[in-house]
Amino acid sequence: MAQRILVTGGAGFVGSHLCARLLSEGHDVLCLDDFSTGSERNAGPLLERRGFALIRHDVTAPIAVEADAIYNLACPASPRYYQADPVRTLRTSIEGALNVLALAETLGVPVLQASTSEVYGDPAEHPQRENYWGNVNPVGPRACYDEGKRAAETLFSDYRRHRGVDTRIARIFNTYGPQMHRHDGRVVSNFIVQALKGEDITVYGDGRQSRSFCYVDDLVDGLVRLMERGAPGPVNLGNPEEYSVRELAETIVNMTGSTSRIVQRDLPVDDPRQRQPDITLARELLGWAPRVPLREGLARTIAYFEGVLAEPA
Ligand code: NAD
Ligand code: UDP
């Protein structure tokens, strides 16, 4: 049945894909965003579509709208942006969670939190299962994001236990694809833009740290299933195929035919050494597993950035 769905952070990378998917299923979508890291480029094409509405609003302020379900994605996700104003990042996670939970309680509707693999910090267990509590530095530069997301998980869990709110928590692992911002700063978009421009490809540290990269369509499918199946989670959503950052750089150079050199830069403080989701729970609860292999997802993302870079600056 068609619903009216609120997506906070809907003008961002993941949010814009989620809005498009929900619209294509016949739902009305209300996108709420403060455009701090989201873009007109992402929201513009959605405005052309029937059933889409946009509100410029900050999730740290109370929200009063009608909705049948809520996806809470509003939060900067790239280390470059979430560390730029760390206090604001923490407030976005915590006050944003409080505001969407209050709205869900008032309306009696389900609410999904976009959490993150960062709750596992620099994990001492590998791969990461949902029952691993993590290894997070609470006073380091990533803490504003990691601890904010952990506190939001706590709020979601307590609103469920004590106030009967119908919550879901998705722990999202590194996701990439078209509509990432060209200056986003995360590894996939950085390497592709650098490769296409013939600039040095900046591998931080020795490049042996690993990540597991999920194509955005796969992630969005997992989020929608989690909302629809009603499992509280937390549930890991990510692609279990693990690559070193150096392998990723070499793959992108190879696929773009770039003349770029791979150079080394300082490793950021507290950069996790490894990351790989155990997705047994998502398979069992949601019948979900990623389908798009890395090279295929990268090819689509490279094509997107070729278009972006061909536009006048
Ligand atoms: P993004 O930065 O592209 O999108 C975030 C969106 O939230 C932007 O449109 C931004 O303008 C908006 N926003 C930020 N603060 C806000 C506020 N105070 N009020 C209203 N809107 C605000 O990031 P993304 O990659 O699309 O991430 C979306 C969500 O998924 C985030 O919550 C992020 O933590 C989570 N996540 C993403 C990944 C990933 O790899 N992409 C991994 C783990 C978790
Ligand atoms: N990274 C890198 N070069 C870049 C950007 C990132 O080597 O230009 C590394 C970064 O140090 C980390 C990995 O790539 O080890 C993933 O970084 P990203 O910022 O994409 O996500 P996160 O660290 O939050 O997983």
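Being a predicted model, the structure only gives us computed values, none of them experimental.

1. Some thoughts on the pairing of strand β5 (residues 111-116)
Burial runs high along β5: 6 of the 6 residues are buried. The alternating pattern of β5 places Val 111, Gln 113 and Ser 115 and Leu 112, Ala 114 and Thr 116 on opposite faces, both of which are buried. Sheet topology places strand β4 (residues 69-72) next to β5; 3 bridges connect them, and they run parallel. Bridge assignment links Asn 72 to a residue of β5, and that residue is Gln 113. Of the pairings in the sheet, the one linking β5 to strand β6 (residues 167-172) comprises 6 bridges and is parallel in character. Pairing of Thr 116 across the sheet is with Ile 172, part of β6.

2. Quick notes on the pattern of salt bridges
In this structure the tally under the stated criterion is 25 salt bridges. Among the ionic pairs, Arg 150 bridges to Glu 147, the shortest N-O distance being 3.5 Å. Here Arg 150 pairs with Glu 147, and both are found in helix α5 (residues 143-163), just 3 residues apart, close to one helical turn. According to the relative accessible area criterion, Arg 150 is partly exposed, its value standing at 29%.

3. What to know about the site of ligand 1
By nearness alone, 31 residues border ligand 1, and Val 14, Asp 33, Thr 37, Tyr 145 and Thr 175 come closest of all. Take Phe 13: an N or O atom from its main chain is 2.9 Å from an oxygen atom of ligand 1. Here an oxygen atom of ligand 1 sits 2.6 Å away from a polar atom, N or O, in the side chain of Asp 33. For ligand 1, the accessible surface in isolation is 830 Å², of which the surrounding protein chains cover 97%. If you list the elements that add at least two residues to the shell around ligand 1, you get α1 (13-24), α4 (86-107), β5 and α5. Sorting elements by how many residues they give to the shell around ligand 1 places β5 first, with 3 residues. Of the residues contributing to the shell around ligand 1, the split by class is 14 nonpolar, 11 polar and 6 charged.

4. Observations concerning unusual backbone geometry
The omega angle of the peptide bond from His 126 to Pro 127 is -10°, so this bond is cis rather than trans. Structurally, Pro 127 is set in the loop between β5 and α5. Positive phi, close to 60°, is recorded for Phe 35, a residue that is not glycine. As for its placement among the helices and strands, Phe 35 is situated in the loop between β2 (28-33) and α2 (40-47). You will see that Asp 270, though not glycine, has its phi angle at about 65°, which is positive. Relative to the helices and strands, Asp 270 resides in the loop between β13 (262-265) and α9 (280-286).

5. Some thoughts on the site of ligand 2
Near ligand 2 you find 17 residues, and of these Asn 190, Thr 202, Tyr 204, Arg 211 and Asp 271 are the closest. For ligand 2, an oxygen atom lies 2.8 Å from a polar atom in the backbone of Val 187. Measuring from an oxygen atom of ligand 2, one finds a backbone N or O atom of Tyr 204 at 2.8 Å. Protein burial of ligand 2: of its 520 Å² of free accessible surface, 95% is covered by the chains. Residues that form the shell around ligand 2 fall into these classes: 7 nonpolar, 5 polar and 5 charged.

6. Topic: the sheet that holds β2
Ordered by their spatial adjacency, 7 strands build an open sheet running β3-β2-β1-β4-β5-β6-β11, and the pairing between neighbours is parallel. The two strands at the open ends of the sheet, each matched to only one other strand, are β3 (52-56) and β11 (235-237). Geometrically, the sheet is characterised by an average inter-axis angle of 20° between neighbouring strands, direction not taken into account. Contacting β4, β5, β6 and β11, helix α7 (residues 216-229) runs over the sheet at an angle of about 160° to β6.

7. Digging into the packing of aromatic side chains
Per the stated rule, a full pass over the model turns up 5 aromatic pairs. Here Tyr 176 and Tyr 215 contribute two aromatic rings whose centre-to-centre distance is 5.7 Å and whose plane-to-plane angle is 70°, an arrangement assigned as edge-to-face. Here Tyr 176, found in strand β7 (residues 175-176), pairs with Tyr 215, found in strand β10 (residues 214-215); they are 39 residues apart in sequence, far enough to count as distant. Residue Tyr 176 is classed as buried on the basis of its relative accessible area of 0%. Between Tyr 304 and Phe 305 the ring centres are 5.1 Å apart and the planes differ by 75°, which places this aromatic pair in the edge-to-face class.

8. Overview of the nonpolar core
Counting 60 residues, the largest nonpolar core has Tyr 71, Leu 223 and Leu 237 as its most contacted members. Ranked by residues supplied to this core, first place goes to α7 with 7 residues. Excluding residues that lie within four positions of it along the chain, Tyr 71 makes contacts with Ile 5, Leu 6, Val 7, Thr 8, Leu 18, Leu 22, Leu 112, Leu 223, Val 224 and Met 227. The next biggest cluster of nonpolar side chains, apart from the first, holds 21 residues, and it includes Leu 30, Leu 103, Val 111 and Tyr 159.

9. What to know about the state of the cysteines
Linking two cysteines covalently through their sulfur atoms gives a disulfide. All told, the structure shown has 0 disulfides when counted by the stated rule. Unpaired in terms of disulfides, Cys 75 finds its nearest cysteine sulfur in Cys 144, a separation of 8.5 Å. The buried category is assigned to Cys 75, whose relative accessible area is 15%. Cys 19 supplies the cysteine sulfur nearest to Cys 214, a cysteine that is in no disulfide, at a spacing of 18 Å.

Calculation notes
Residues numbered from 1 in each chain as written. Chains lettered and ligands numbered in written order. Predicted model: local features only at pLDDT ≥ 70, side-chain atom pairs only at ≥ 80, totals over all residues. Heavy atoms only, no water. Buried < 20%, exposed > 50% of the residue type's maximum accessible area, 1.4 Å probe, protein only. Helix = DSSP H or I, 4+ residues; strand = E, 2+ residues; numbered from the N terminus. Pairing = 2+ DSSP bridges. Salt bridge = Lys/Arg side-chain N within 4 Å of Asp/Glu carboxyl O. Near = heavy atom within 4 Å. Polar contact = N/O pair within 3.5 Å; in protein donor to acceptor, adjacent residues only side chain to side chain. Areas by Shrake-Rupley, 256 points an atom, 1.4 Å probe, with all protein chains shown as cover. Nonpolar A, V, L, I, M, F, W, Y, C, P; charged D, E, K, R; others polar. Axes fitted to C-alpha atoms, helices over the stretch in contact; angles between N-to-C directions. Contact = heavy atoms within 4.5 Å. Phe/Tyr/Trp six-rings, centres within 6.5 Å; stacked < 30°, edge-to-face > 60°. Core = buried A, V, L, I, M, F, W, Y, C linked by side-chain atoms within 4.5 Å. Disulfide = S-S within 2.5 Å.

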